[in-house]
Amino acid sequence: RTLAPGVVHVPDYLDVPAQRRLVEAAQAWAREGPGARHATLPGGARMSVETVCLGWHWIPYRYSRTRDDQDGSPVQPLPAWLADLGARAVADAYDAPDVVYRPDVALINSYRGDARLGVHQDREERAPDPVVSLSLGAACVFRIGSPHHRRGPWHDVELLSGDLIVFGGEHRLAYHGVPKLLPGHDVPHVGTAPGERINITLRVSGLA
Ligand code: MD3
Ligand code: FE
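Quantities reported herein were computed from a predicted structural model and do not represent experimental measurements. (Residues numbered from 1 in each chain as written. Chains lettered and ligands numbered in written order. Predicted model: local features only at pLDDT ≥ 70, side-chain atom pairs only at ≥ 80, totals over all residues.)

Considering the overall build of the protein
Move 1: Within the protein, the regular secondary structure consists of two helices and 13 strands.
Move 2: Per-residue burial over the protein gives 38% buried out of 208 residues.
Move 3: Contacts in the protein between residues far apart in sequence, at least 24 positions, make up 75% of those at least 6 positions apart. (Helix = DSSP H or I, 4+ residues; strand = E, 2+ residues; numbered from the N terminus. Buried ≥ 20, exposed ≤ 12 C-beta atoms within 10 Å, placed from the backbone. Contact = placed C-beta atoms within 7 Å.)

So, the site of ligand 1
Move 1: Near ligand 1 you find 17 residues, and of these Asp122, Val131, Ser133, Phe167 and Asn199 are the closest.
Move 2: Those elements that place two or more of their residues in the shell around ligand 1 are strand E6 (105-111), strand E8 (131-137), strand E9 (139-144), strand E11 (164-167), strand E12 (176-182) and strand E13 (197-203).
Move 3: Each residue belonging to the shell around ligand 1 can be placed in one class, and the counts come to nine nonpolar, six polar and two charged. (Near = placed C-beta within 6 Å. Nonpolar A, V, L, I, M, F, W, Y, C, P; charged D, E, K, R; others polar.)

With respect to the UniProt feature "domain: Fe2OG dioxygenase" (unreviewed entry) in the protein
Move 1: Here, the residues flagged by UniProt with the feature "domain: Fe2OG dioxygenase" (unreviewed entry) are residues 102-206.
Move 2: End C-alpha atoms of residues 102-206 are separated by 10 Å, and the span's content is 0% helix alongside 45% strand. (UniProt positions renumbered as here; feature names shortened; annotations may be inferred.)

Quick word on the sheet that holds E11
Move 1: Taking strand neighbours across the sheet as the criterion, the seven strands line up as E1-E2-E11-E8-E13-E6-E3 in an open arrangement whose pairing is antiparallel. Looking at which strands have only one partner, the edges of the open sheet turn out to be strand E1 (2-4) and strand E3 (50-54). Neighbour-to-neighbour, the strand axes of the sheet open up by a mean angle of 20°, direction not taken into account.
Move 2: Pairing between E3 and E6: five bridges, direction antiparallel. (Pairing = 2+ DSSP bridges. Axes fitted to C-alpha atoms, helices over the stretch in contact; angles between N-to-C directions.)

Examining the sheet that holds E12
Move 1: Reading across the sheet, the four strands line up as E7-E12-E9-E10 and stay open at both edges, with antiparallel pairing between neighbours. Where the open sheet ends on each side, the last strands, each with one partner, are strand E7 (117-120) and strand E10 (155-159). In this sheet, neighbouring strand axes are inclined to one another by 25° on average, regardless of whether the strands run parallel or antiparallel.
Move 2: Sheet analysis places E7 next to E12, joined by two bridges and oriented antiparallel. Residue pairing for E12: His120 is matched across the bridge by His176.

Description of the environment of Gln19
Move 1: Along the polypeptide, Gln19 turns up in helix H1 (residues 16-31).
Move 2: Linking Gln19 and Ala138, residues 119 residues apart in sequence, is a C-alpha distance of 12 Å.
Move 3: The contacts of Gln19, once residues within four sequence positions are left out, are Leu14, Leu136, Ser161, Gly162 and Val190.

Structural notes on the nonpolar core
Move 1: Core analysis: the largest hydrophobic core is formed by 38 residues, its most contacted members being Ala106, Ile108, Val166 and Ile200.
Move 2: Only strand E2 (7-10), H1, E3, helix H2 (80-94), E6, E8, E11 and E13 provide two or more residues apiece to this core.
Move 3: With six residues, the top contributor of residues to this core is H2.
Move 4: Apart from the residues within four sequence positions on either side, Ile200 is in contact with Leu22, Ala26, Ala106, Ile108 and Leu134.
Move 5: Ranked by size, the runner-up nonpolar core spans 13 residues in total, among them Ala115, Ala139, Cys140 and Ala174. (Core = buried A, V, L, I, M, F, W, Y, C linked by C-beta atoms within 7 Å.)

Things to note about the pairing of E11
Move 1: Alternating residues of E11 divide into Leu164 and Val166 and Ile165 and Phe167, and every residue in both groups is buried.
Move 2: In the sheet, E2 pairs with E11 via four bridges, with the strands oriented antiparallel. Directly across from Val7, in E11, lies its bridge partner Phe167.

Things to note about H1
Move 1: Between its first and last C-alpha atoms H1 spans 23 Å; for 16 residues at 1.5 Å apiece the expected length is 22 Å, and the two agree.
Move 2: Listed in full, the buried residues belonging to H1 are Gln19, Leu22, Val23, Ala26 and Trp29. Projected down its long axis, H1 shows its buried positions confined to an angular sector of 125°, all on one face. Seen from the open side of H1, the exposed residues pointing more than 90 degrees away from its buried face are Pro17, Glu24, Ala28 and Arg31.
Move 3: Summarising the contacts, the buried residues of H1 are in contact with E3, E6, E8 and E13.
Move 4: Looking at the residues trailing H1, positive phi occurs at Gly33, about 55°. (Expected span 1.5 Å × (residues − 1). Arc of directions from axis to C-beta.)

This is the structure:
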């Protein structure tokens, strides 16, 4: 399960009822207020992934308490039950029951069709704590490299519905991306739309 120092993949971490509950919650968050949006990069390109934020609103490349690229309304709160799930995930992945992990941000990404996530680092957080990733629905190829090399070499991992990955330690700033969805792993019983993948990441912003 350990892919690299600080990077632990736990296939099938969430059972189907837990996956269903997360998908239903994600759909409700995406319906609230101005809804999910395709963020726009500084150069003007629109991301193919659709994102909803809880706790802090992420815009390439900063966090704010208000949905500054939408209607300016306050970001939705991060529910305590989701933060608790993140803390259990870190404890389980690292086999460290007493670890303290208090995320204050969730980013929920929805992938459909040809949606992908280009290679990037996650550097907006001001805290060194790990990122927790939960995958729901369609499968994908997830690609991770090192913090020092933008162009690889890569380690490719297939992420399926219910999988957990925790990224910490020296890989917290590793380059990574999602080059493509994988056909043939549809799981209609978790409630995602046909061909849709939802990824929930939990983070510690380190912001006040
Ligand atoms: C490795 N999301 O939201 S989750 C992202 O599947 C993001 O939607 C991908 O990359 C997705 O920024 C990958 C796994 C992940 C998240 C954060 C990381 C891997 C990471 C931060 C550092 C290193
Ligand atoms: Fe990322």
